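# Summary of structural features
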Amino acid sequence: MDIKDAARPLDGAGVSAFLRSLPARPLLLGLGEARHFVGELGELRNEIFRHLVEHEGYRSFAIESDCLMGLVVDDFVTTGAGTLGDVMERGFSHGFGASPANRELVRWMRAYNEEHDEKVRFFGFDGPLEYWAASPRQALTGLYALLDGPLPRTVVTRETLDTLLGPDDRWANEATAMDPSRSIGRSADAQRLRLIADDLVALLDTQAPLLSAEDRERAALYGRTATGLLRYHYWMADTSPARWARLSALRDAMMAANLRAVAGHGPALVFASNLHLQRNKSFMPFGEQVLQWWSAGAITATHLGDRFAFLASALGTVGDDAPPPDTVEGILSTLPWDHCLVDARRLAGAATKAVPRSSRDFAYFPLDPAHLDMIDGVVFLRQAVGLGSLG
């Protein structure tokens, strides 16, 4: 098969044609990053999202960023609260607020909402995590405050909750990433907080009829974030060889839970690393181990089936590193377009002899030819020049 028969230029018509080719209309359309901070990909993502909103009825955007910080951005794009500069500083984790493409996206979403009654929404769907975890304070106290009247005191008083949480810096300790003994995740206070979080989530279920739809949504986010963070902290204190595989799996499980909530708002574009959106199992060398876990995309696809679709991105020349001709990226580089959208399953049939690419850019994750049949489409950029810092 001629590879050109599986590809089309990446424009609005091509995106709509791709959606029509799927077995079902996706509630979540994942657009993966082969590498973070590729300026050209961010710009293409913005074009795709604008088209999806204006022509395909999409109403949400979700990004691999702190789910609680994302509330700041959503408030800005829906109500105009704050300033764009402040929102970019306080509303993103992982350094994503410094991305010009993210700034332009937030600006456009706010401008769109000023002119339309049906608003577009912004979501972060990562946990409040780096390689370590943040304090569960915001999630626990936020959930506590939203529950009705004196009822939370049947679980814990606010004073006791504050005492158990203690200073935030004892939770957000970067040293715990490599030294489990520095974690408080299995302390008596942390263990009690896990039980309290569980009881508060159960209390939320009993009080749901008293809350507005907006407060129920916010409380559910706080609840799953609090329980997820405390569970993550527990495993941060683990000293067994399973520690990092478990932490990796827990992070993606938190992402997947947030994505299922996003899906409840109707069709959404999801932007994250290919590794978090892929359907195949994740493998990562880690010292003498090879860690294995299921990604957020794999978990989400289990729940949504055909209502989840995944577009992986791939880059041809990355900086000055051109792909060998026998790799997937090398094959795609023969196409006549600078940016194109490729049917991944048809590509799998045309690239049966392709070999995995080895890139000199440690931050770039090439496509694995063995997994092309688990991807719905590939967004290919012939060249990536605007490479930002990974921090």
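Just above sits the structure.
The sections below set out a description of the structure shown in this document. Bear in mind that the values here come from a model prediction, so they are computed numbers and not experimental data. In this numbering scheme, every chain counts its residues from 1 along its sequence in written order. Side-chain atom pairs in this predicted model are given and counted only at pLDDT of 80 or more, local residue features only at pLDDT of at least 70, and totals for whole chains, interfaces and linings cover all residues. Hydrogens are left out, water is left out, and the side-chain values use all remaining heavy atoms of the structure.

## Notes on the sheet that holds strand β8 (residues 308–318)
- By this definition, two strands are paired if DSSP reports at least two bridges between them. Secondary structure elements are taken from DSSP: a helix is a run of H or I of four residues or more, a strand is a run of E of two residues or more, and numbering for both begins at the N terminus. The mixed open sheet is built from 8 strands, whose spatial order is β1-β9-β10-β8-β2-β5-β3-β4. Two strands close off the open sheet at either side, each with one partner strand: β1 (7–9) and β4 (121–126). In this sheet, adjacent strand axes meet at a mean angle of 25° when their direction is disregarded.
- Of the pairings in the sheet, the one linking strand β3 (residues 60–66) to strand β5 (residues 268–273) comprises 4 bridges and is parallel in character. Of the residues in β5, the one forming a bridge with S60 is A268.
- Contact definition: two residues touch when any of their heavy atoms are within 4.5 Å. Axis angles are defined between N-to-C directions and span 0 to 180 degrees, where every axis is a line fitted to C-alpha atoms and, for a helix, only to the segment in contact. In the packing of helix α10 (residues 243–263) onto the sheet, the strands contacted are β2 (28–33), β3, β4 and β5, and the crossing angle to β4 comes to about 160°.

## Some points on the side chain of E33
- Here E33 is to be found in strand β2.
- Whenever a nitrogen or oxygen atom comes within 3.5 Å of another N or O atom, the pair is scored as a polar contact, on the condition that within protein one atom can donate a hydrogen and the other can accept it, and that pairs from neighbouring residues in sequence are kept only if both atoms are in side chains. In terms of polar contacts, E33 uses its side chain to reach the side chain of H36, at 2.8 Å.
- Beyond its immediate chain neighbours, meaning those up to four positions away, E33 contacts L41, F271, A272, S273, N274 and S313.

## Points about the packing of α10 against helix α12 (residues 296–304)
- At a minimum axis distance of 8 Å, the contact between α10 and α12 shows a crossing angle of 45°. Between α10 and α12, the crossing angle belongs to the class labelled oblique. Crossing of α10 over α12 shows right-handed handedness. Packed against α10, whose contacting residues are D252, A253, M255, A256, L259, R260 and A263, the element α12 presents A296, I299, T300, H303 and L304 at the interface.
- Split into classes, the residues belonging to the contact of α10 with α12 amount to 8 nonpolar, 2 polar and 2 charged. Roughly parallel covers angles under 35 degrees, roughly antiparallel covers those over 145, roughly perpendicular covers 65 to 115, and oblique covers all other angles. Here is the rule for handedness: rotate from the far helix to the near one, and if that takes an anticlockwise turn smaller than a right angle the crossing is left-handed, while a clockwise turn gives right-handed. Gly is placed with the polar residues, together with every amino acid not listed as nonpolar (Ala, Val, Leu, Ile, Met, Phe, Trp, Tyr, Cys and Pro) or charged (Asp, Glu, Lys and Arg).

## A word on the layout of surface pockets
- Buriedness for pockets is judged along seven lines, at least five of which must meet protein on both sides within 12 Å for an open set on the 1 Å grid over protein atoms alone, while cavities are sets there where a 1.4 Å probe fits but cannot get out, and lining residues have an atom within 4 Å of a point. Grid points are joined across faces, edges and corners, and a volume is the space filled by probe spheres set on the points. In this model, the largest pocket occupies a volume close to 1500 Å³.
- If you go around the largest pocket, you meet 46 residues; those closest to its centre are S273, L275, H276, M284 and F365.
- If you list the elements that add at least two residues to the lining of the largest pocket, you get α10, α11 (274–277), β6 (282–286) and β8.
- Looking at the lining of the largest pocket residue by residue, the class counts come to 26 nonpolar, 11 polar and 9 charged.
- These domain limits were set by an automatic method or by a database of domain assignments. Of the residues that make up the lining of the largest pocket, three or more belong to each of domain 1 (3–58 + 267–384) and domain 2 (136–254).

## Observations regarding the side chain of D238
- Inspection of the secondary structure puts D238 in the loop between α9 (213–236) and α10.
- For D238, the side chain forms a polar contact with the side chain of S240, separated by 2.6 Å.

## Remarks on empty space enclosed by the protein
- Enumeration according to the criterion identifies 1 cavity of 30 Å³ or more in this entry.
- Looking at the largest cavity, its volume works out to about 30 Å³.
- Every residue lining the largest cavity is listed: L10, V15, F18, L29, I48, L311, L341 and V379.
- Considering only residue class, the lining of the largest cavity consists of 8 nonpolar, no polar and no charged.

## Some details on the packing of aromatic side chains
- A pair of aromatic rings is counted whenever rings of Phe, Tyr or Trp (Trp by its six-membered ring) have centres within 6.5 Å, and the orientation is called stacked for planes under 30 degrees apart, edge-to-face for over 60 and tilted otherwise. For the structure on display, the rule yields 8 aromatic pairs.
- Between the aromatic rings of F49 and F61, the centroid separation amounts to 5.5 Å while the plane-to-plane angle is 65°, which identifies the pairing as edge-to-face. Of this pair, F49 sits in helix α2 (residues 39–56) while F61 sits in strand β3, and the two are 12 residues apart along the sequence.
- Arranged with centres 6.0 Å apart and planes meeting at 80°, the rings of F49 and W108 form a pair that is edge-to-face. Taken together, the residues span a long stretch of sequence, with F49 in helix α2 and W108 in helix α5 (residues 100–115) at a distance of 59 residues.
- Within the aromatic cluster, the residues linked to one another by ring pairs are F49, F61, F92, W108, Y112 and F122.
- By definition, being over a ring means that NZ of Lys or CZ of Arg is both within 6 Å of the ring centre and within 35 degrees of the ring normal. The aromatic ring of F271 is capped on one face by R45, whose charged end is 4.7 Å from the ring centroid.

Purely geometric numbers; function is a separate question.
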